[in-house]
Structure formats: C-alpha cells, structure tokens
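Structural overview
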Amino acid sequence: MSNVAMFVAHEGCAHRCSFCNQHIIAGQNRRLSAAQVAQTLQQALASPRHGENQIAFFGGSFTAIERGYMKELLDATVPFREAFAGIRISTRPDAVNEEILAFLKPYGVTAIELGAQSMDDEVLSRNRRGHTAADVKRASALIRAQGFELGLQMMTGLYGSTDEKDIETAQELVALQPQTVRIYPTVVLAGTELDRLYRSGAYAPPGVESAVELCVKLMRIFDAAGVRILRVGLHDSEQLKTTHTAGAYHPAFKELCLSRLYLQNARAVLEGNPAGHYTLAVGSPYLSQMIGQSRQNLLLLAKEGYQIRVIPESGMRPFQVKIVTKEQD
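Below: a short report on this structure. (Residues numbered from 1 in each chain as written. Predicted model: local features only at pLDDT ≥ 70, side-chain atom pairs only at ≥ 80, totals over all residues. Heavy atoms only, no water.)

1. Some thoughts on helix H3 (residues 67-77)
- Taken together, the buried positions of H3 are occupied by Tyr69, Met70, Leu73, Leu74, Ala76 and Thr77. In a view along the axis of H3, the buried residues occupy a sector of 155°, so they form one face of it.
- The distance from a side-chain oxygen at the start of H3 to the backbone nitrogen of glycine 68 is 2.8 Å, and the residue carrying that oxygen is glutamate 66. (Buried < 20%, exposed > 50% of the residue type's maximum accessible area, 1.4 Å probe, protein only. Helix = DSSP H or I, 4+ residues; strand = E, 2+ residues; numbered from the N terminus. Arc of directions from axis to C-beta. Polar contact = N/O pair within 3.5 Å; in protein donor to acceptor, adjacent residues only side chain to side chain.)

Following this line, the structure appears as structure tokens:
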C-alpha cells in the first residue's frame, strides 16, 4: 500500500522541536489548501491501483491544527473517499483525545501515526518536544481502543540520546503494539536548534555508518515483533541535499540498512561452513539488498572465502537467507 501524501508543514505545532524544519523536509513553503487536496486526489485517480493507496496528511500535527482548517482539508477528501483505502495522518502524542478521534472517524481516517521520537523524558525535554513518554502511551492506547491503525515514529541520535536509549525506545514502542513504525536517524538541518548546537560543539550527531549499525538492530527488534517498518531515513529531496549540515544523511539510507542486515544474515547461515562456492536464496524483492551496492556484500564475503551466487525464491520472508547448494570445489 502506498500513500497519496500531502504536507501540512508545521501546522498545529505549538513547539519548534530542536531537529525540525518541515519546509526543508516537505520541500514546500506554502500552506496546503483544500483546492490542492482535491487536485492532488483527482490526479491520483489516474493510477490504475489508486484503490490500494491511502490519502495521507503528513508534517505538522494534524489533530492540533485549527479545527476549521482541518475540516476544510478533510471535506476536500469526501468526494474521493470510496476511491482510496482510507486516510492516514501524523500528529503529536499530546494532541490526541477521545473528542478528536470521534471527529476524525466519520471522514474515513483509518491510521494515525504518532511522532514519539524517544521514550526517554530527558531526551524529549532536551529536544523541545513538549510532551512526555507517558503522553505516547496514553495516545497509543486511545488510538488502538478506537479501532484506528497505530503507527509510531522514532528518531535515533538526538541531542542527549545514546544507542542504548534508542534501543530502549524501540523496545518500549513495541510494547505499545503498533502496526507500523518509521525510524528516522537524525539529520541536522540548517536553521534548527540542533544546527546551532552542532556548530557550537555542544552536539556531535552520529554519522551514516554508526546510524546504519544502530538502525539494523532496531529493524530486527520491530521485525521480530511483527511491526511493519514503513520507512528508515528521511525521504530524499534536492532541498535536503543542500540544507543538511551534519548527521546520518544518505539518499538511500534504508537500502544501506537492508544491505547490512542481509550481509549479517548471510554470514550467520554460512557460519561453521567451509569456504567455497555457495548458492544463497532470498525473497524475490530483496535480491539487490543481498547483493549490495556495487556488489559490495558479495565482495566482502569473497574476502572471507565464500564465493556466492544469489537467487530469488518466492515465499521467503523479509530478511531471510538460506543456503540452497554448496558446489564442489
């Protein structure tokens, strides 16, 4: 399932978080209008698989925006409601209550994602989130109780955080039983508080390599719990390329993580086997991740004595690797 995504950048945000510049992330500076919503959805109808897509309002805090404006945006979706697979919104944990959930349900809102970011109150405070871990727990319980799909978003490498705190956050998010999760390693954006802290020397954001190592661990935690991982890393854009100043920026960050994960799993199944020529199988959509960028995974395994051929096999679950044959040398 994909999203027809529209952005309400910074709308409803009572706080400017240390890391946030939604105009850079969303690549837009104008306020989203009801007419733009209708135009976007009309254009999306041209896709032969539009019925599998969700209407999505991202950026900002949808449930905290001015009620009249929220109603305008949702009213614009009404003529298209039957043509899409529901509406997905993102918001803040402290902007969820029973009244707003009752307001959203008749519009066909099906999924609500909460920007939890961390479950450590000190990290939340240092990064000016304006909510607590208790707010995340309370809002998650309300969303699930009202029958909405729960999505949770977390960040790694925030000011004041550590790998251990980020792993604990993932474990606490799993306990809230979300259906989906997004993992965002911190990318420092120009004009943010994190940028000021970074330039002053008070904050040293993790780079790509250390962020990949951590995110692979987090992906394993969520996958083992049956939580679907929707995204790892920010959506790339030309604006993001030129305005990030530090942190774990890579245009294909999730691919790096998947490739590392498959390399680790290949090593695990080969462990204890003698060097030689092997055929490994992975799920059909994951062939390139097992091979790695510029065949890096195969080259690394070759240095360890394993000459690998990779084949796709239907029915294999994500991240699974198995030995099909060992050729005689």
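Following the structure, the description resumes.
2. With respect to the sheet that holds strand S10 (residues 276-283)
- A sheet is described by the order of its strands in space; here three strands give the open sequence S11-S10-S12, paired in mixed fashion. At either end of the open sheet lies a strand with only one pairing partner, and these are strand S11 (306-313) and strand S12 (321-327). Between one strand and the next, the sheet's axes are offset by a mean angle of 30°, whatever the strand orientation.
- As paired strands, S10 and S12 are joined by six bridges and run antiparallel to one another. From the neighbouring strand, alanine 281 faces S12, where its bridge partner is lysine 322.
- On the sheet, helix H11 (residues 253-270) packs against S10, S11 and S12 and is oriented at approximately 50° with respect to S12. (Pairing = 2+ DSSP bridges. Axes fitted to C-alpha atoms, helices over the stretch in contact; angles between N-to-C directions. Contact = heavy atoms within 4.5 Å.)

3. Digging into the packing of aromatic side chains
- In this structure the tally under the stated criterion is seven aromatic pairs.
- Taken together, a centroid distance of 5.9 Å and an interplanar angle of 80° make the contact between tyrosine 159 and tyrosine 203 edge-to-face. Placement of the pair is tyrosine 159 in the loop between strand S5 (149-156) and helix H7 (163-175) and tyrosine 203 in the loop between helix H8 (193-200) and helix H9 (208-224), with a sequence separation of 44 residues.
- For tyrosine 203, a relative accessible area of 6% corresponds to the buried category.
- Feature note: the residues Tyr262, Tyr286 and Phe319 constitute an aromatic cluster, connected by ring pairs. (Phe/Tyr/Trp six-rings, centres within 6.5 Å; stacked < 30°, edge-to-face > 60°.)

4. With respect to the nonpolar core
- Counting residues in each nonpolar core, the largest one holds 78 residues, and the members touching the most others are Phe57, Phe62, Leu74, Leu104 and Phe222.
- In terms of residue count, the dominant contributor to this core is H11 (nine residues).
- Every residue in contact with leucine 74, bar those within four places of it in the chain, is listed here: Phe57, Phe62, Ile87, Phe103, Leu104, Tyr107 and Val109.
- Core analysis: the second largest hydrophobic core is formed by twelve residues, Cys20, Leu158, Tyr184 and Leu197 among them. (Core = buried A, V, L, I, M, F, W, Y, C linked by side-chain atoms within 4.5 Å.)

5. Thoughts on the sheet that holds strand S8 (residues 228-232)
- In space, the seven strands of this open sheet follow the order S1-S2-S3-S4-S5-S6-S8, with parallel pairing throughout. Either end of the sheet is taken by a strand with one partner, and the two such strands are strand S1 (3-7) and S8. Taken pair by pair, the neighbouring strands of this sheet meet at an average axis angle of 20°, ignoring direction.
- The pairing of S1 with strand S2 (residues 54-58) spans five bridges and is parallel. Paired with methionine 6 across the bridge in S2 is phenylalanine 57.

6. Here we look at the pattern of salt bridges
- Evaluated as defined, the whole model comprises 21 salt bridges.
- In this structure, the salt-bridge partner of glutamate 122 is lysine 165, at a minimum N-O distance of 3.9 Å. Here glutamate 122 is found in helix H5 (residues 121-126), whereas its partner lysine 165 is found in helix H7, with 43 residues between them in sequence.
- Residue glutamate 122 is classed as partly exposed on the basis of its relative accessible area of 41%.
- One salt bridge in this structure joins glutamate 238 and lysine 241, with 3.6 Å as the shortest N-O distance. (Salt bridge = Lys/Arg side-chain N within 4 Å of Asp/Glu carboxyl O.)

7. Quick notes on the environment of phenylalanine 253
- With respect to the element layout, phenylalanine 253 can be found in helix H11.
- A C-alpha to C-alpha distance of 33 Å links phenylalanine 253 and threonine 77, two positions 176 residues apart in sequence.
- Phenylalanine 253 has contacts with Pro185, Val208, Ala211, Val212, Cys215, Val232, Gly233 and Ala248, leaving out every residue within four places of it along the chain.

8. Regarding H7
- Its 13 residues give H7 an end-to-end C-alpha distance of 19 Å, which sits within 8% of 18 Å, the value for a rise of 1.5 Å per residue.
- Along H7, the residues classified as buried are Lys165, Asp166, Thr169, Ala170 and Leu173. Buried residues in H7, looked at end-on, bunch into an arc of 145°, giving them a common side. Structural note: H7 exposes Glu164 and Ala175 on the side pointing more than 90 degrees away from its buried face.
- Structurally, H7 contributes buried residues whose contacts are with strand S4 (109-117), H5, helix H6 (133-145), S5 and H9.
- Glutamine 177 lies just past H7 and shows a positive phi near 60°. (Expected span 1.5 Å × (residues − 1).)

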